[in-house]
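# Remarks on the overall topology
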Amino acid sequence: MKEVVINPITRLEGHGKIVIVLDDAGNCVKGYLQIPELRGFEKFAVGRHAEDMPQITPRICGVCPTAHHMASTKTLDDLYKVEPPEPAKKIREMVYNIFMFEDHALHFYILAGPDFIVGPKAPKEERNVVGVIKKVGVEVGLRVIQTRKKLRKLIEMIAGKIVHPVFGLPGGISRPLTEEAVETAKKVSDEAVDFALFTYKVFKDVVLSNKEYVDLITSNAYTHQTYYMGLVDNKNRVNFYDGKIRIVSPRGVEYAKFDAHNYLEYIAEHVEPWTYIKFPYLRKIGWKGFIDGEDSGIMSVAPLARLNAADGMATPKAQEAYEEMYETLGGKPVHHTLANHWARVIEIIYAAERFRELAYDPDIASKNIRNLPTATPDVGIGVVEAPRGTLIHHYETDENGVIKKANLLVATQHNAARIALSIDKAARSLIRNGEINEGLLNMVEMAFRAYDPCHACGTHSLPGNMPLKIYIYNTEGQLLKTIDRT
Amino acid sequence: MSQDFEPRIVVFACNWCSYAALDLAGTSRMKYPPNFLVIRVMCSGRVDPQFILEAFRRGADGVLVAGCHPGDCHYIEGNIKALRRMTLLKKVLKEFGIEEERFRLEWISASEADKFVRVANEMLEEIKRLGPLRIEEAYQHG
Amino acid sequence: MDKPKIALYWCASCGGCEEAVVDLAEKILDVVNLVDIVFWPVAMDYKIEDVEKLPDGSITASFINGGIRLSEHEHVVKLLRRKSKLVIAYGACSAWGGVPGLANLYSREEIMRYVYHEAPTVENPEKIRPELKTKVEEKITLELPEFLPRLLPLDLVVDVDYYIPGCPPTPDVTWKAIETLLSGNLPPKGSVLGALDKSLCYECPLNDTKPEKVLIKEVKRPHEVIADPSKCLLTQGLVCLGPVTRGGCGALCIKAAMPCTGCFGPLDEVIDYGGKAISYFASIVDYTSEEEIEKALGKILDPMGVFYRYSLPASRLRGKIMLVER
Ligand code: SF4
Ligand code: SF4
Ligand code: SF4
Ligand code: FES
């Protein structure tokens, strides 16, 4: 028995580790993704004023604080049974789409970009953001940085803070938009749509026109048949901010569609002793171990899962791109992990288009932004689609709105089992008879990154390569060889 | 509980009344236990909640804040401020896991030596029953 | 002359502090020109082993964010302390424990039990829990770092030279702190860098509307009111901690009509932020009778979450005193 430890991404040092176990024939028997990270938010939420949760839970993740802030705020609406006025909902949804756009765009250009824009086989010195800029031009690089800055500034103007927003309250938001914010939103949303379409063009020119990449996307090593989950609107179209949770089977058939209130009927979590992360799965099917297929309860979330779980996009350009993707990849659902990048670009278009729709909606300037709660609080459940997938908050309080119990299902968790599958599969296809192929490192890395995992809920890494280290042990636990790709 | 546990109790006593009461207790040979470390302050309104937290931090098993009766404060409202602060502090101490018997705010005028002795004896007895706070050990405890 | 060597590290961090560094945007290039970054796990490929190889004291400054929650964090920060001339606590978590420090209200056992056994989604009949060592195959043992009994701020684990406040520190504050450090004109050890030495009220746009002496009759929880964004929030009954919080953020929350929750921490001379906040806030409740005071302050059902939101592990009592066998 051999043990292969991939102490993966520097950025995850101390926050993530992959271990692959080989049998005596040198074939992979199991892959482990270890997440050494626990802070206990669900427990110390107990005793807090419920209305503070939209500011407490974002501290789970400073990369997607807006997702937690929004899930939490919506949970408070539900807890206090108070509907926000229409304008408040629109402002929230607008902020949410700005955030999704910004987060996705950054991922595409800075994180995933190097793999695709520069190319998976390019020398590693070039497989980073500098390489991306070389390929697409300095103006584009600057445009990415400036767009990010403008969008973040706009969120700050409306939500108070960019890292850890504060504006969400049960029944609406804390204050109306200033005139300046309204004007800025319009202007920036036009730029966002342009930028989104431009990004799609880059993706098509660089990735789709290159057969090698397309083959890579569809290659078996990156393919798993799992269930897919995402929020949909009343026409089954993707929605980040609100809707029903829909799950489709590996064959693309609707398996369930439910209100977030019923999440406990559908989702359960499995515990393993070797990691601090829990593995959600479909309760009715059960935990069958780290295997894919229709009989396994493993599901996945994030862009591709969202698109698979929906019937289309609610905005025109995004819908076009949606159709194009499924046409090219041979219909729904798409099981190729790497198609997440494609799906992410489609979502960038949607987020920008939706942002613009809302920015030009006169309601955005309305002063009617809050309904005061009057009901006695009891239970609240809220859901949003975080960039990395479905995010569920669930609080129970006493009659004074003090938390008695909290449960949080975070996006990356939903993908944890599938990521483990990816590691496993990449290892199985690339480790033969004890021969560790250098390509493994790349494959694992790319499979891993496609999910944009946020285990420590950490920031996006800057370089295009994740330094990987593999330790190979023999049956007696002696170190035979290390491979260090740095 | 351990029989030989001798609690350490810190008293913040207002100079104008409570401290005078303590003095009186001494001069009139009323007996009060030796477990009390008395800190004289000009007014109970000068007692910052931070002082009390610091006292517990440094090993006090109990803290008593004593001031003039409402209306008698030499700085007019100092004791009312103390009342407001200690009301909130009590809630916080509870959350810190410090039993309520370990902290008291009392109005003790210059002539109420007997009241001081009574309060002191009560506190002592209750804290003996609770046992030491053992802050340092509590930190080690998972 | 060699450029100063800088290390950045994260412990029990949300990543927001790292994001805040990235939000320096173009300025980050200036920083990169002025210093050599020798260790930054989030963004660069240097390993702990590389740090171990450096001579002691050869790193000019280590910026550390996040509280100390796992054995691994403790290990790395001790290493960085040895290798660095200056250790800087970056952000509220590192300086005082931050929001995850509220976990100190519960024991490790309570946290583990809830997360892995009791949470409503968990299906775990065999009561499995993450273990420090798990034998997964005959000869293969997987290891996890230990979840420590308490979350600790950095300065309870290693000696800290400076603090940069905020959750997270704003790019502006970060930049000012960097300028101070690069100026060579180092302030006294223990100083807070980049922020003001006055309270938040000082820079708050609503300060003009705040009377000399604030008194309130009713305490309001944020969800109960629609705050007037043009009037001091404290006078509206909201628990705004501006008066006891260090200024420097630019009054971000206040501009969104939300009260300051204190993420920039205490001013100099304060030994317990929550204690100070309690002292200030209670004293402005405009009642004299015990019952009325009790009633008004009774609105605050979670004094820990309100007054110690970012600083429980740095409080005099560090967190809840767990029941030791007495
Ligand atoms: S201080 Fe705030 S932003 Fe920084 S790591 Fe802690 S929670 Fe995140
Ligand atoms: S109390 Fe708050 S709102 Fe009022 S002036 Fe100070 S910081 Fe501003
Ligand atoms: S207003 Fe207070 S809580 Fe908000 S950012 Fe500033 S210091 Fe932090
Ligand atoms: S002078 Fe005695 S309490 Fe103020």
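All of the points below concern the structure found in this document. (Residues numbered from 1 in each chain as written. Chains lettered and ligands numbered in written order. Predicted model: local features only at pLDDT ≥ 70, side-chain atom pairs only at ≥ 80, totals over all residues. Heavy atoms only, no water.)

### Observations regarding the overall build of chain C
- Secondary structure assignment for chain C yields twelve helices and nine strands.
- Radius of gyration (C-alpha) of chain C: 22 Å, near the 20 Å computed for a compact globule of 326 residues.
- In terms of overall dimensions, chain C has C-alpha extents of about 65 × 60 × 35 Å along its principal axes.
- Residue burial in chain C is summarised as follows: out of 326 residues, 63% are buried.
- At a minimum sequence separation of 6, the contacts of chain C that also span at least 24 residues come to 72%.
- With the model as given, the accessible surface of chain C reaches about 12,400 Å², and the carbon-plus-sulfur share is 52%.
- Each charge sign in chain C was given a centre, from 38 positive and 46 negative side chains, and these centres are 3 Å apart. (Helix = DSSP H or I, 4+ residues; strand = E, 2+ residues; numbered from the N terminus. Rg over C-alpha atoms; globule rule 2.2 N^0.38 Å. Buried < 20%, exposed > 50% of the residue type's maximum accessible area, 1.4 Å probe, protein only. Contact = heavy atoms within 4.5 Å. Areas by Shrake-Rupley, 256 points an atom, 1.4 Å probe, with all protein chains shown as cover. Lys, Arg positive; Asp, Glu negative; His and termini not counted. Charge placed at Lys NZ, Arg CZ, Asp CG, Glu CD.)

### Notes on the nonpolar core
- Membership of the largest hydrophobic core comes to 242 residues, with the highest contact counts inside it found for Met94(A), Tyr96(A), Tyr109(A), Phe355(A), Ile52(B), Phe281(C) and Phe307(C).
- Tyr109(A) has contacts with Pro114(A), Ile117(A), Val132(A), Val140(A), Val144(A), Phe195(A), Phe198(A), Thr199(A) and Val202(A), leaving out every residue within four places of it along the chain.
- Among the nonpolar cores identified, the runner-up in size contains 23 residues, and Tyr32(A), Trp274(A), Leu421(A) and Leu142(C) belong to it. (Core = buried A, V, L, I, M, F, W, Y, C linked by side-chain atoms within 4.5 Å.)

### Observations regarding the state of the cysteines
- Evaluation of the coordinates by the stated rule reveals one disulfide over all chains.
- Between the sulfur atoms of Cys17(B) and its disulfide partner Cys68(B) the distance amounts to 2.4 Å. One disulfide, between Cys17(B) and Cys68(B), carries an S-S torsion of -100 degrees and so falls in the left-handed class. You can see Cys17(B) sitting in the loop between strand 1 (9-14) and helix 1 (18-27) and its partner Cys68(B) sitting in the loop between strand 3 (62-67) and helix 3 (78-95), a full 51 residues away along the chain. Exposure class is identical for Cys17(B) and Cys68(B). Each is buried.
- With no disulfide partner, Cys11(C) has as its closest neighbouring cysteine sulfur the one in Cys93(C), 9.9 Å distant.
- Accessibility expressed as a relative area gives 0% for Cys11(C), which makes it buried. (Disulfide = S-S within 2.5 Å.)

### A few points about the interface of chain A and chain C
- The interface of chain A with chain C comprises 96 residues on the first partner and 88 residues on the second.
- Both faces considered, chain A and chain C share a buried interface measuring about 7,700 Å² in area, 60% of it formed by carbon and sulfur atoms.
- The tally of links between chain A and chain C comes to eight salt bridges.
- Counting residues per element, the side of chain A that touches chain C draws most heavily on helix 6 (residues 138-159) of chain A, at six residues.
- Taken together, the residues that form the side of chain A that touches chain C break down as 43 nonpolar, 25 polar and 28 charged. (Buried area = accessible area lost by both parts, 1.4 Å probe. Salt bridge = Lys/Arg side-chain N within 4 Å of Asp/Glu carboxyl O. Nonpolar A, V, L, I, M, F, W, Y, C, P; charged D, E, K, R; others polar.)

### What to know about the interface of chain B and chain C
- Across the contact, 36 residues belong to chain B and 43 residues belong to chain C.
- Taken together, the two surfaces of chain B and chain C that pack against each other cover about 3,600 Å², and 63% of this comes from carbon and sulfur.
- Across the chain B-chain C interface, the total number found is two salt bridges.
- For Lys91(B), the salt bridge is made with Glu294(C), and the minimal N-O distance between the two is 3.6 Å.
- For the pair chain B and chain C, the number of links is nine residue pairs in polar contact (both at pLDDT 80 or more).
- Among the elements of the structure, helix 2 (49-57), helix 3 and helix 5 (135-140) of chain B are those that each provide at least two residues to the side of chain B that touches chain C.
- Element by element, the count of residues in the side of chain B that touches chain C is highest for helix 3 of chain B, at eleven residues.
- Of the residues assigned to the side of chain B that touches chain C, the class counts are 17 nonpolar, six polar and 13 charged. (Polar contact = N/O pair within 3.5 Å; in protein donor to acceptor, adjacent residues only side chain to side chain.)

### A few points about the site of ligand 3
- Neighbouring ligand 3 are the residues Lys161(A), Leu200(C), Thr245(C), Cys249(C), Cys253(C), Cys260(C), Thr261(C), Gly262(C), Cys263(C) and Phe264(C).
- What surrounds ligand 3 is not a single chain but chains A and C.
- Grouping the amino acids of the shell around ligand 3 by side-chain chemistry returns six nonpolar, three polar and one charged. (Near = heavy atom within 4 Å.)

### A few points about the site of ligand 2
- As a matter of local geometry, ligand 2 sits amid Cys201(C), Cys204(C), Asn207(C), Lys210(C), Cys232(C), Leu233(C), Leu234(C), Cys240(C), Gly242(C), Pro243(C) and Ile254(C).
- Here the residues of the shell around ligand 2 sort into eight nonpolar, two polar and one charged.

### Describing the layout of surface pockets
Residues and elements named next belong to chain A.
- Taken as a whole, the second largest pocket spans an internal volume of roughly 820 Å³.
- Where the lining of the second largest pocket is concerned, the elements lending two or more residues are helix 3 (65-79), helix 4 (86-118), helix 12 (339-359) and strand 12 (379-386).
- For the lining of the second largest pocket, the residue count by class is nine nonpolar, five polar and 18 charged. (1 Å grid on protein atoms, 1.4 Å probe; cavity = no way out; pocket = protein on both sides within 12 Å on 5 of 7 lines; lining within 4 Å. Points joined across faces, edges and corners; volume = space filled by probe spheres on them.)

### So, empty space enclosed by the protein
- Counting across every chain of the model gives 15 cavities of 30 Å³ or more.
- Counted as a void, the second largest cavity has a volume near 210 Å³.
- Lining the second largest cavity are 18 residues, with Asp52(A), Pro222(C), Val239(C), Val306(C) and Arg309(C) sitting closest to its centre.
- Considered class by class, the residues forming the lining of the second largest cavity number nine nonpolar, four polar and five charged.

### Regarding helix 3 of chain A
Residues and elements named next belong to chain A.
- Its 15 residues give helix 3 an end-to-end C-alpha distance of 21 Å, which sits within 8% of 21 Å, the value for a rise of 1.5 Å per residue.
- The element helix 3 is extensively covered by neighbouring structure, given that 15 of its 15 residues are classed as buried.
- With its phi angle positive at about 50 degrees, Lys81 sits one or two positions after the end of helix 3. (Expected span 1.5 Å × (residues − 1).)

### Regarding the environment of Ala55(B)
- Counting through the fold element by element, Ala55(B) comes out in helix 2.
- Spatially, the C-alpha atom of Ala55(B) lies 9.8 Å from that of Val11(B), the residues being 44 residues apart in sequence.

### So, the side chain of Arg92(A)
Residues and elements named next belong to chain A.
- Residue placement: Arg92 occurs in helix 4.
- Judged by its relative accessible area of 1%, Arg92 falls in the buried class.
- A distance of 2.7 Å separates a polar atom in the side chain of Arg92 from a polar atom in the side chain of Asp77.
- Within the local environment of Arg92, its side chain forms a polar contact with the backbone oxygen of Gly172, the two atoms lying 3.0 Å apart.

### What to know about the sheet that holds strand 3 of chain B
Residues and elements named next belong to chain B.
- Sheet architecture is open: four strands sit in the order 2-1-3-4, paired in parallel fashion. A single partner strand is all that each edge strand has here, and the edge strands are strand 2 (36-41) and strand 4 (103-107). Ignoring which end each strand starts from, the neighbouring axes of this sheet average 20 degrees apart.
- Docked against the sheet, helix 4 (residues 113-130) engages strand 1, strand 2, strand 3 and strand 4, running at close to 170 degrees with respect to strand 4. (Pairing = 2+ DSSP bridges. Axes fitted to C-alpha atoms, helices over the stretch in contact; angles between N-to-C directions.)

### Some remarks on the sheet that holds strand 6 (residues 227-232) of chain A
All names here are of chain A.
- Reading across the sheet, the four strands line up as 8-7-6-11 and stay open at both edges, with mixed pairing between neighbours. Edge positions in the open sheet fall to strand 8 (254-258) and strand 11 (299-300), since each of these has one partner strand only.
- One ladder, built from four bridges, connects strand 7 (residues 244-248) with strand 8; its direction is antiparallel. Note that in strand 8 the partner of Val248 across the bridge is Glu254.

### What about the packing of aromatic side chains?
All names here are of chain A.
- Evaluation of the coordinates by the stated rule reveals 23 aromatic pairs over all chains.
- Here the aromatic rings of Tyr227 and Tyr255 are separated by 5.2 Å at their centres, their planes lie at 65 degrees, and the arrangement is edge-to-face. Highlighted residues: Tyr227 in strand 6 and Tyr255 in strand 8, separated in sequence by 28 residues.
- Assessed through its relative accessible area of 29%, Tyr255 is described here as partly exposed.
- With a centroid separation of 5.2 Å and 85 degrees between ring planes, the pair formed by Phe279 and Phe290 is classed as edge-to-face. (Phe/Tyr/Trp six-rings, centres within 6.5 Å; stacked < 30°, edge-to-face > 60°.)

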